[in-house]
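Close look at the chain arrangement
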Amino acid sequence: MVNITIDGKQISVRENTTIMEAAAQNGIQIPKLCFLKDINEIAACRVCVVEMEGNDRLITSCNNMVSEGMVLYTNSPKVRKHRKTTVELILAQHDRQCVTCVRNGNCSLQKIARDLNIISIPYKCDVEYREWNKDFPLIRDSAKCIKCMRCIQVCDKVQSLGVWDVEGTGSRTTVNVSKLRKIEEADCSLCGQCITHCPVGALRERDDTDKVWAAIDDPEKIVVAQVAPAVRTAWGEELGLSPKEATVGKILDSLKKIGVDYAFDTTFSADLTIMEEGTEFVSRFTSGELKERPMFTSCCPGWIRFIKTQFPHLVRYLSSAKSPQQMFGAVMKTYFAEKLGVSPDRIYTVSVMPCVAKKGEREMELYYGEYAGHDIDAVLTTRELARMIRMAYIQPESLEDIESDRPMQAGTGAGVIFGATGGVMEAALRSAYYLIKGVNPPVDAFVKVRSQGFNENDGVQEAEFKIDDITVRTAVVSGLGNTRNLLKKIERGEVSYDFVEVMACPGGCVGGGGQPIHDGEELAFERGKKLYELDESFELRFSHENPDILSLYDEYFEKPNSHKAHMLLHTEHAVNR
């Protein structure tokens, strides 16, 4: 143990503890802007400085370790003056139009400025303005960037894509898209992890709420919305609802109050995806097609963008099944439109997703009969949903727990766990077992695919399952850096699998780039636990037992992987040249 004194308090902490950690363990808060444990520990902001006896210069607390006999001051006159000056200088290069910023009220810089009682800036303002394609799903506002380098480090260390980098020198040092590229030219997966790890409003998703309001106000449009499983784990965080209060039924009610005509739970189309993907896997596995390479899941658009740019030669091993989002749209523009007796052009499909990449995925085109358009017309992140609820002045406590509309009402526990890493694999194996044997497995037969944590086992959860004399080798991975490492091992022949689930965001969709932001907190795995708890509460736990899915096949698609199913529910993954 190391004995030190902080603000007159004598404490003992373990060796290799940073000053910031030592202070936090003893109830002493040191402010920070750039620090992210194990990711960004470069002391770029210098807000976390402290004074040490015997040292004329202030030292940063985030990356300096404690040593025996240290006497530290976190709030001395010297520290306060330096800290305030530092934040004032940051603000002098920052667009301070807080009331029009999406991070207003949830901004680390704003909070620190308020804590330090900064009410004016004594320095000349010099704000950087750069053009940006406002149609791109990810928006960067250079005027708000504080050069904390978090986006660079997250994209490099966690996602291994290196989309962002530093450019310029000295006082002109700034952050931009790497290699002097435009964002459209970079290999951005649109995972949005740079957004959720930005301490200010320099990065955000493209706001599509006005498009949805316009559709709602158009008397010729029938607005049909879906809500992804992961959204229910986090939307209440934005509105002050507890996890028990923030049910999916209340989301559906909020959408109806906003003006949506029909509201559905994406759990239904997750079950539909399992029917198609599970059937495809059994077919490809039993035919011997997967002897050299596994089949990869295809429901995560961030992963799809990644494999197309980083491992294009492996694209042919992707499942051809569309994601639940896209399947929902295809069903709405065909089956549901026919049920209503209206043209598909009148159906306006809206997705509420935990994901920024879904905004890119919606560009997928749909051609069926005389209809030429898109499966999905607009995608809202969880954060955008919360903004629309506030715009409509809906009081969260007034929301009621309502059911999804018919005829796509039923969902299963298998569909719910889609939002957590390992959920797609587990749901698919539950139904694949049934397809092979004709009977259901024990409902907990495949829990070994559930991730134990983002960094556990290098981010990979491996498992083997025996079904009679068949052995199925599986792997589940989340985070694109982990994914890159796994794919390299597969290519080197170090590991071999039959079926691999990939999620771009650490922890799966629950940790998506469109989820509520809590600076410095990683909540994906806690949110994922909620989905597994919901799975246990469902009466139906197998996708192939969903009665509305069975009716859909009886009435429209005939059977999984039928010709019509392939036309509407599957796609060809073309590599962009």
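Above this text you will find the structure in question.
Described below are features of the structure shown in this document. Here the structure is a predicted model, which means the values were calculated and not measured.

**Examining the overall build of the protein chain**
A tally of helices and strands in the protein chain yields 19 helices and 19 strands. Radius of gyration (C-alpha) of the protein chain: 25 Å, near the 25 Å computed for a compact globule of 577 residues. Counting all 577 residues of the protein chain, 59% fall into the buried class. Roughly 24700 Å² of accessible area belongs to the protein chain as shown, and the carbon and sulfur atoms make up 47% of that amount. Between the mean site of the 70 positive side-chain charges and the mean site of the 82 negative ones, the protein chain shows a separation of 6 Å.

**A look at the packing of helix α8 (residues 248–258) against helix α13 (residues 382–391)**
Between α8 and α13, the least distance of the axes is 10 Å, while the angle of their chain directions is 50°. Overall, the two elements α8 and α13 adopt an arrangement that is oblique. Remark: the crossing between α8 and α13 carries left-handed chirality. In this structure, α8 uses I251, S254, L255 and I258 to contact α13, whose residues at the interface are L385, M388 and I389. Partitioned by chemical class, the residues of the contact of α8 with α13 number six nonpolar, one polar and no charged.

**Quick word on the sheet that holds strand β4 (residues 59–60)**
Adjacent strands of a sheet form backbone hydrogen bonds with each other and so pair up, either parallel or antiparallel. Judged by pairing direction, the sheet is mixed, and its five strands sit side by side in the order β2-β1-β5-β3-β4 without closing on themselves. Two strands bound the open sheet, and with one partner strand each, they are β2 (9–13) and β4. Bridge analysis of strand β3 (residues 49–52) against strand β5 (residues 71–73) gives two bridges, and the strand direction is antiparallel. Each residue of the ladder has a partner; that of E51, found in β5, is Y73. The strands that helix α2 (residues 77–92) touches are β3 and β5; relative to β3, the one it contacts most, it runs at about 155°.

**Points about the environment of L190**
Within the secondary structure layout, L190 lies in the loop between β8 (174–177) and α5 (193–196). Among the residues examined, L190 registers a relative accessible area of 0% and is labelled buried. In this structure, the C-alpha to C-alpha distance between L190 and L138, residues 52 residues apart in sequence, is 6.9 Å. When sequence neighbours within four positions are dropped, the list of residues in contact with L190 reads F136, P137, L138, R305, V356, A357 and G360.

**Structural notes on the environment of K144**
As for its position among the elements, K144 is in the loop between β6 (138–140) and α4 (150–158). For the pair K144 and Q97, spaced 47 residues apart in sequence, the C-alpha to C-alpha distance is 9.4 Å. Within the structure, the side chain of K144 is placed 2.9 Å from the side chain of D141, a separation counted as a polar contact.

**Thoughts on the pairing of strand β17 (residues 460–467)**
Two elements, β17 and strand β18 (residues 470–478), share eight bridges in a ladder whose sense is antiparallel. Looking across to β18, one finds that F465 is bridged to V472. Hairpin connection, β17 to β18: the antiparallel pair is bridged by two residues, and D468 has positive phi, about 55°.

**Some words on the state of the cysteines**
Tallied over the full model, the rule gives zero disulfides. With no disulfide of its own, C155 has C191 as its nearest cysteine by sulfur position, at a separation of 6.5 Å. Residue C155 is classed as buried on the basis of its relative accessible area of 9%. There is no disulfide at C509, and the cysteine sulfur nearest it, in C300, is 6.4 Å away.

**Some remarks on helix α10 (residues 301–310)**
Three or more residues of α10 are buried, namely P301, G302, W303, I304, F306 and I307. Of the surrounding secondary structure, the elements contacted by the buried residues of α10 are β12 (295–296), α12 (357–361), α16 (480–492) and β19 (499–503).

**Regarding the pattern of salt bridges**
Under the definition given, this model contains 35 salt bridges. A salt bridge links E237 to R527, with the shortest nitrogen-to-oxygen separation between them at 2.8 Å. Of this pair, E237 sits in helix α7 (residues 235–239) while R527 sits in helix α17 (residues 524–537), and the two are 290 residues apart along the sequence. Exposure remark for R527: the relative accessible area of 5% places this residue in the buried category. Three or more residues joined by partner-sharing salt bridges are found here, namely R206, D208, K211, K359 and E384.

Quick notes on the rules
- Every chain is numbered independently, its residues counted from 1 as its sequence is written.
- Only residues with pLDDT of 70 or above have their local features reported here, since the model is predicted, and side-chain atom pairs are shown and tallied only from 80 upward, although totals for entire chains, interfaces and linings are computed over all residues.
- Note that water and hydrogens are dropped before the side-chain values are worked out from all heavy atoms of the structure.
- Strands are runs of DSSP state E lasting at least 2 residues, helices are runs of H or I lasting at least 4, and numbering of each runs from the N terminus.
- Atoms counted for the radius of gyration: C-alpha only. Globule rule: 2.2 Å times residue count to the power 0.38.
- The buried label goes to any residue with under 20% of its type's maximum accessible area, the exposed label to any with over 50%, and the partly exposed label to all in between, with areas taken from a 1.4 Å probe on protein chains only.
- Surface exposure here means Shrake-Rupley accessible area, sampled with a 1.4 Å probe, where a residue is shielded only by the protein chains that are shown.
- When charges are tallied, Lys and Arg are placed among the positive residues and Asp and Glu among the negative ones, while His and the ends of the chain are skipped.
- Charge positions are represented by NZ for Lys, CZ for Arg, CG for Asp and CD for Glu.
- Every angle, taken between N-to-C directions, lies between 0 and 180 degrees, and every axis is a line fitted to C-alpha atoms, over only the stretch in contact when it is a helix.
- In this scheme, roughly parallel covers angles under 35 degrees and roughly antiparallel covers those over 145, while 65 to 115 is roughly perpendicular and the rest are oblique.
- Left-handed describes a crossing in which the near helix is turned anticlockwise from the far one by less than a right angle; the clockwise case is right-handed.
- We call two residues contacting when some pair of their heavy atoms lies within 4.5 Å.
- Following the grouping adopted for this structure description, the nonpolar residues are Ala, Val, Leu, Ile, Met, Phe, Trp, Tyr, Cys and Pro, the charged ones are Asp, Glu, Lys and Arg, and the polar ones are all others, Gly among them.
- By the convention used here, strands pair only if DSSP detects at least 2 bridges between them.
- Polar contacts here mean pairs of N or O atoms no more than 3.5 Å apart (in protein, one a potential hydrogen donor and the other a potential acceptor; neighbouring residues in sequence count only if both atoms are side-chain atoms).
- The term disulfide is used for any two cysteine sulfur atoms that are within 2.5 Å.
- Whenever a carboxyl oxygen of Asp or Glu lies within 4 Å of a side-chain nitrogen of Lys or Arg, that contact is scored as a salt bridge.

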